[in-house]
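# Per-entry structural report
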Amino acid sequence: MSLSWSRTSRVIAGTATVLAVLTACGGGGDATDSADGKPVTLTFWGWAKGSKDVVDAFNASHTDIKVTFEEIPSGNAGGYAKISNAVKAGNAPDLVSIEYPSLPEFVSSGALQEIGDVFPESARAGLLPQTVELTTLGGKNWAVPFDAAPQAFYYRKDLFEKHSIEVPTTWDAFRKAAEQVKKADGKARIATFFPDDPTTFEAMAWQAGAQWFKAEDDTWKIDTTDPATTRVTTYWQGLLDAGLVHKNASFSPEWTGSLKNGTTLGYLGASWGAGVLKGTLPEQSGKWAVAPMPTWDGKPASGMLGGSTFAVPKNSTKKAAAVEFATWMSTTEEGVEARIASGTSSAFPAATALRPAARKAFDAGFYGGQDIYALFETAGASISPRWSWGPTTGTTNTAIKDRFGAVAPGGPTLADAVKAGHDATVAELTKRGLKVEG
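### Considering the sheet that holds strand S14 (residues 288–291)
- Strand order in the open sheet formed by three strands is S13-S8-S14, and the pairing between neighbours is antiparallel. Whereas interior strands pair on both sides, the edge strands pair on one side only; in this sheet they are strand S13 (266–270) and S14. Strand after strand, the sheet turns through a mean of 25° between neighbouring axes, direction not considered.
- Note: strand S8 (residues 151–156) against S13, five bridges, orientation antiparallel. If you follow Tyr-155 over to S13, its bridge partner there is Gly-266.

As structure tokens, this is what we get:
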């Protein structure tokens, strides 16, 4: 384990060299928190399930800081645009949710304040090392990690048993299971390909060992045609061409409807997906189970699908209080329990010591009492340390998403979409005056 994290550190160290120039102009507002004896008032923007419950619990137990929560659309559904626009207009909140893939882009645009001077080392030391490294750019700390998001496969246990389908442990077995599902019910499919969500595809490339973004000295090396990515692209193109998976937008009415009527039997998601399914399909309690993500060789391996952090926009004058609140949410039993006990969140805390509290707080009755957090533990330990995010994730993902939606038999392919993401990334980095190879 230590060797893996050591390798990750070297990757991030290289990334830090390139980002150092970008982060030099990052926000650095003073943390001039209230000194008049009145509570510091904060505004927090986020969208994660259970966020309001956490804010309510914090306000009920603290008198020196009071937090107002505003729910915004999820990041890629408009939340990031709202945050960016607010920063540009000078009226951003004091704390925002930002997922790991998007953090470098916010940092490189100068939208955030570094928080190393107010984020306690004692709290940082208790976090999963990779989450700390993903929030450390240019040698500076930019966000408080909240959760890790290892991959998992959710499936209708009752329907798998009805059709005598074994839960797949490898991707070869997953295709065979997909064929069995389609044969058993012509309208049913084992899972769904999400054309609007490149991050799910990227997590699978990550799991396979890909490394799209690599910084060496002063150069970004972009590689989306490596053997690992090509393997994943070819595999999923094959599933789509054979009609073995649905193709619907993530969390859309079509996707939800197919889960409700039993024509989608599985969901390739992340640890947080357990709460999503539980909240979306309460009438199916006891019918679902969770399995490790299929892998190429049957051994544990995972990418990370999403995962959230808390960051302070550059306009805030309440950095210290904002980070105190973020640290409470991320590193205390009270904070984690308040989020998970609501029943809508299955967050897998970045704070390793809080995993037992999360397990205890989450009612696993929906999954027949299965110890899903034990599964998340194994998956989290297997997250590949090779992956890091570049500073143009928005550009990369927009280009891929636009073309994923057009993929069709005889038309554009997944490989075309990934190539478009590569080209858009290289063009954007070049436009910013950075040296690029790829």
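### Let's talk about the packing of helix H17 (residues 393–404) against helix H18 (residues 414–431)
- Orientation of H17 relative to H18, taken along the N-to-C sense of each, is 155°, at an axis distance of 8 Å. The angle between H17 and H18 falls in the class roughly antiparallel. For the pair H17 and H18, the crossing hand works out as right-handed. Contact residues: Thr-395, Thr-396, Ala-399, Ile-400, Arg-403 and Phe-404 in H17; Leu-414, Asp-416, Ala-417, Val-418, Ala-420, Gly-421, Ala-424, Thr-425 and Glu-428 in H18.
- Classifying every residue of the contact of H17 with H18 gives eight nonpolar, four polar and three charged.

### Let's talk about the pairing of strand S10 (residues 213–216)
- Here S10 shows a buried face lined by Phe-213 and Ala-215 and an unburied face lined by Lys-214 and Glu-216.
- Pairing of S10 with strand S11 (residues 219–222) involves four bridges; the strand directions are antiparallel. Residue pairing in the sheet places Ala-215 in a bridge with Trp-220 of S11.
- Remark: two residues form the turn of the hairpin made by S10 and S11, two consecutive strands paired antiparallel; Asp-217 in that turn has positive phi of roughly 55°.

Here is what the cut-offs are and how they apply
- Residues numbered from 1 in each chain as written.
- Predicted model: local features only at pLDDT ≥ 70, side-chain atom pairs only at ≥ 80, totals over all residues.
- Heavy atoms only, no water.
- Pairing = 2+ DSSP bridges.
- Helix = DSSP H or I, 4+ residues; strand = E, 2+ residues; numbered from the N terminus.
- Axes fitted to C-alpha atoms, helices over the stretch in contact; angles between N-to-C directions.
- Parallel < 35°, antiparallel > 145°, perpendicular 65-115°, else oblique.
- Left-handed = near helix turned anticlockwise from the far one by under 90°.
- Contact = heavy atoms within 4.5 Å.
- Nonpolar A, V, L, I, M, F, W, Y, C, P; charged D, E, K, R; others polar.
- Buried < 20%, exposed > 50% of the residue type's maximum accessible area, 1.4 Å probe, protein only.

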